[in-house]
Amino acid sequence: MAVKRRKIVLLVVLLAWAVLLAFGLRFYNGYFFLFDLPDRSGWVGEGAEKQYLDRHAGVVKDTLLKVDSVTYYFDKDGYVYKGVIELDGFVYSFNEWTGAMQYGWIVRDSGRYYFDDAGHMVIDQEYAIGGRDFLFDATGAEVTGQVSRNGALYYYDEMTGKVLEGERQVDGAWFYYTADGTRFGTGWQTLPDGRAAYYDGDNGMLFGEQTIDGKPYLLNISRGGRMTGTVYFDGRVYQISDDGVVQSKKRLPQWKGIDVSVHQGEIDWKAVAESGVQFAFVRAGYIASEERPVFKPDRLYAENVLMAQENGISVGAYIYIYNYTQDGLTEGIGSFDAYTNENRIKLDLPVFLDIEDKLYFKPGSDDLGGYDYRTAFTRDGMDQLRSLGYKAGFYTFQTWANNEFDAERLFNEGYPFWLANWYGNDKELDPATLSWNKTAQPSVWQYRATGQTPGIQGETDMDYLYWDNMR
């Protein structure tokens, strides 16, 4: 009976063993594996030793194979490959951790590469991705910037591909690229926004005073458009014909202007110009020490500057100072410069540091080093602006200029001084009669805080500019 029972048990074990073998049980590297149906194949090993066994072919080697919807490459020894490899004339990329084939954009070796839906690297061609054309070199790396192809110049942006109908700055020069991507050549061109701009070959768009075909022109210093009519620029008033040719220019020693910020709201700069305003100082924003970002731009800074210039008004800027630490000042000025450049703003008048905040400046206090510290702090800010290519000055009230820091010394050192001293807020003043400390005019005199200017709702600060003191 016991012998019969043993035979039955043995028969059951043999039958079970046969069933397991039939469904893919295999011994590999000291282990038994039961592979998945229906192909009875499966993974073995871990990490760098990971391989794939096929019931009929054994260890998969030197081939691409899709496993559970993921494609892998198994090398000549049967291990999952990780990295970039060329196979049968195509370049593939496999994830450095999992070995899975990669698709789309891949960043490596400081370059960007693209792998199509088959996993093939795009090489040495222009290729459409998401409806935009991108360019790739002979190594497969994305090409960006200005490129010469088939006798024409194009520009490729890293994020948006070939530029179509747009401006780009290349090595400091501005160029325009048309609907088919080619770059404007030398000559006058009318841009979609109506600007009549002149392009000078590899020098790109021209700005400021230029002689073109033997004739004098004044081109917008920020946007490059041809100016016409009466234009105030760099201390001179220009009379310009409708075709942009300068008919006359002369220097005026004193100008009348305004200063504005977001508090004036949307401004009709055409009406402002027609009212006789010759210059404007626009608030760029403020620099703080305890907030992030340290520089906060005025919401209407760029719009106000560009529209004032478009209407022939000479423009400068001012930065309100809440901060009185050296690190905050440096960070804030750097951010101001970055924002100004980002918005393609050029100024022919100075950038003034607005020194008037009682909470941060602490008049009469020695908490931040006192009189000498405040003088040096103001000088340092202006020097930083000058190192970035701006004309730079300082703004403050009469009492602060006399008592809180050495404004007279800074002025005598050659820094433009914008003085706030409101005489006769209800009437016009003769600028020649105004004097600071009974000796001279400053660079700019803010003589009224309650002015009315066509094109501006509400009150406006009014100013005189003395060109002989602009430094």
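For the structure, check the block above.
Counting restarts for each chain, with residues numbered from 1 along the sequence as it is written. In view of the model being predicted, local features appear only for residues whose pLDDT reaches at least 70, and side-chain atom pairs are presented and counted only at 80 or more, with totals across whole chains, interfaces and linings using the full set of residues. The side-chain values count all of the structure's non-hydrogen atoms but skip hydrogen atoms and water molecules.

Asks: Explain the overall build of the protein chain to me, using residue names and the numbers behind them.
Replies: Put simply, DSSP marks the helices as runs of H or I at least four residues long and the strands as runs of E at least two long, and each gets a number from the N terminus on. Helix and strand counts for the protein chain come out as eight helices and 35 strands. By the burial criterion, 49% of the 471 residues in the protein chain qualify as buried. We call two residues in contact whenever any of their non-hydrogen atoms come within 4.5 Å of each other. In the protein chain, 50% of the contacts between residues at least 6 apart in sequence involve partners at least 24 apart. Per-residue and other accessible areas follow the Shrake-Rupley method at a 1.4 Å probe size, with only the shown protein chains counted as cover for residues. Accessible area for the protein chain stands at about 23,800 Å²; split by element, carbon and sulfur atoms hold 50% of it. Buried, partly exposed and exposed residues are distinguished by accessible area as a fraction of the type maximum, computed with a 1.4 Å probe on protein chains only: under 20%, between the cut-offs, and over 50%, respectively.

Asks: Before we move on, could you go through helix α6 (residues 370-387) and cite the residues and values that matter?
Replies: Each residue after the first adds 1.5 Å to the expected span of a helix. The terminal C-alpha atoms of α6 lie 26 Å apart, and with 18 residues this matches the ideal 26 Å at 1.5 Å per residue to within 8%. Looking at α6, one finds that the buried residues are G370, R374, T375, F377, T378, R379, G381, M382, Q384 and L385. One or two residues past the end of α6 sits G389, with phi positive at roughly 100°.

Asks: Please set out the packing of helix α4 (residues 326-342) against α6 residue by residue, giving values where relevant.
Replies: Each axis is a line fitted through C-alpha atoms, taken for helices only over the stretch in contact, and angles between the N-to-C directions span 0 to 180 degrees. Running from amino to carboxyl end, α4 crosses α6 at an angle of 25°, the nearest separation of the two axes being 10 Å. When the axes of α4 and α6 are compared, the pair comes out roughly parallel. α6 is crossed by α4, and the crossing has right-handed handedness. On the side of α4, the interface is formed by Q326, L329, T330, I333 and F336, while α6 contributes Y373, F377, D380, G381, Q384 and L385. Here the nonpolar group is Ala, Val, Leu, Ile, Met, Phe, Trp, Tyr, Cys and Pro; Asp, Glu, Lys and Arg are the charged ones; every other residue, Gly included, is treated as polar. Broken down by class, the residue content of the contact of α4 with α6 amounts to six nonpolar, four polar and one charged. To sort the angles, those under 35 degrees are grouped as roughly parallel, those over 145 as roughly antiparallel, those from 65 to 115 as roughly perpendicular, and the leftovers as oblique. Less than a right angle of anticlockwise turn of the near helix away from the far helix marks a crossing as left-handed, whereas a clockwise turn marks it as right-handed.

Asks: Before we move on, can you summarise the sheet that holds strand β25 (residues 236-240) with the specific residues and values?
Replies: Here the rule is simple: two strands pair whenever DSSP picks up at least two bridges between them. The strand order across the open sheet formed by three strands is β24-β25-β26, and the pairing between neighbours is antiparallel. At either margin of the open sheet sits one strand with a lone partner, and together these are β24 (229-233) and β26 (246-251). Neighbouring strand axes in the sheet, compared pairwise and without regard to direction, differ in orientation by 20° on average. For β24 and β25, the ladder comprises five bridges, and the chain directions are antiparallel. Across the sheet, T230 pairs through a bridge with Q239, a residue of β25.

Asks: Which residues make up the pattern of salt bridges, and what values do they have?
Replies: What makes a salt bridge here is a side-chain nitrogen of Lys or Arg within 4 Å of a carboxyl oxygen of Asp or Glu, nothing more. Inspection of the entire model under this criterion finds 18 salt bridges. The residue K76 makes a salt bridge to D77 at a minimum N-O spacing of 3.5 Å. Exposure remark for D77: the relative accessible area of 39% places this residue in the partly exposed category. R149 is the partner of E126 in a salt bridge, and the nearest nitrogen-oxygen pair spans 3.3 Å. Taken together, the residues E126 in strand β12 (residues 125-129) and R149 in strand β15 (residues 145-149) connect sequence positions 23 residues apart. Several salt bridges converge on common partners, so that one network encompasses E209, D234, R236, K249 and K391.

Asks: Summarise the sheet that holds strand β3 (residues 42-44); cite the residues concerned and give the values.
Replies: Spatially, three strands are ordered β3-β4-β5 in an open sheet, and the strand pairing comes out antiparallel. Looking at which strands have only one partner, the edges of the open sheet turn out to be β3 and β5 (58-59). In this sheet, β5 lies alongside strand β4 (residues 51-54) in antiparallel orientation, the contact comprising two bridges. If you follow L53 over to β5, its bridge partner there is V59.

Asks: Explain unusual backbone geometry residue by residue, including any values.
Replies: With a phi close to 55°, E165 is a non-glycine residue in the positive phi region. Among the secondary structure elements, E165 is positioned in the loop between β17 (161-162) and β18 (166-170). Residues other than glycine seldom take positive phi values, yet D171 does so here, at roughly 50°. Along the chain, the position of D171 falls in the loop between β18 and β19 (173-177).

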